[in-house]
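So the chains spell out like this:
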Amino acid sequence: MIFVGHYFDNYRLTDVTNQLIEQAQQKLKVTLPESYINLMKQQNGGELHANRLEIGEEIVFVDYLNGIGTKSGEGILLSSTLKREWGLSNKFVYLYGDGHTWLALDYRRYKGDNPPVTYIDLEQNSKQVIAPNFEAFLAQLTFDESLQKSAYEYWRELEYFP
């Protein structure tokens, strides 16, 4: 499973229905990739287990994937206020972002249902296609064992346990 699967995952949304998918696609004016839809049917967004992504010589940690929201401001249905604040285009569907950098399905020059995934760095004012489609993007995500510590290891480092 690509998702961590925690019950208290702040990025996990309510289960996806076909009606919810249709509403989101109409609101976004796009056709979402079938592979994205299938993944969201397994779990609608959430923290990622494999979250390390190499983009050239840069390493980016993709903490979560946005799910399909039921209202504006939830999941891939980013609010217009947030888009205006960060200068984000409506030609993208934002899968992940921290405000300064974003990963998005790129519909700028694509009319089909399996667009490329683009890395957007607002501080550098750059956009770079990093995968030809959503499936290829998922294949690039790897698990970084150096970031994974058990609770015992963490507390031991803080000297709570001998």
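Computed from a predicted structure; not experimentally measured.

Rules used throughout
- Residues numbered from 1 in each chain as written.
- Predicted model: local features only at pLDDT ≥ 70, side-chain atom pairs only at ≥ 80, totals over all residues.
- Heavy atoms only, no water.
- Buried < 20%, exposed > 50% of the residue type's maximum accessible area, 1.4 Å probe, protein only.
- Helix = DSSP H or I, 4+ residues; strand = E, 2+ residues; numbered from the N terminus.
- Pairing = 2+ DSSP bridges.
- Contact = heavy atoms within 4.5 Å.

### Here's the deal with the pairing of strand β6 (residues 101-106)
Okay, step 1: Taking burial as the measure, the 6 residues of β6 include 6 buried ones, the bulk of the element.
Okay, step 2: For strand β5 (residues 92-97) and β6, the ladder comprises 5 bridges, and the chain directions are antiparallel. Bridging across to β6, Y96 finds its partner in L103.
Okay, step 3: Here β5 hands over to β6 after 3 residues, with G99 in that stretch at a positive phi of 100 degrees.
Okay, step 4: Where β6 lies against strand β7 (residues 117-121), 5 bridges are found, and the strand directions are antiparallel. When the bridges of β7 are listed, T101 appears paired with D121.

### Describing the environment of I130
Okay, step 1: In this structure, I130 sits in strand β8 (residues 126-131).
Okay, step 2: Setting aside residues no more than four positions away along its own chain, I130 makes contact with L53, I55, L103, V117, T118, Y119, F137 and Q140.

### Considering unusual backbone geometry
Okay, step 1: Of note, the phi angle at K29 is positive, near 60 degrees, even though the residue is not glycine.
Okay, step 2: Position of K29 relative to the elements: it lies in the loop between α1 (18-28) and α2 (34-42).
Okay, step 3: Among the residues examined, K29 registers a relative accessible area of 75% and is labelled exposed.
Okay, step 4: Here the phi dihedral of N125 falls at roughly 55 degrees; this positive angle occurs in a residue that is not glycine.
Okay, step 5: Structurally, the position occupied by N125 is in the loop between β7 and β8.
Okay, step 6: With a relative accessible area of 68%, N125 lands in the exposed category.

These figures come from the coordinates and say nothing about function on their own.
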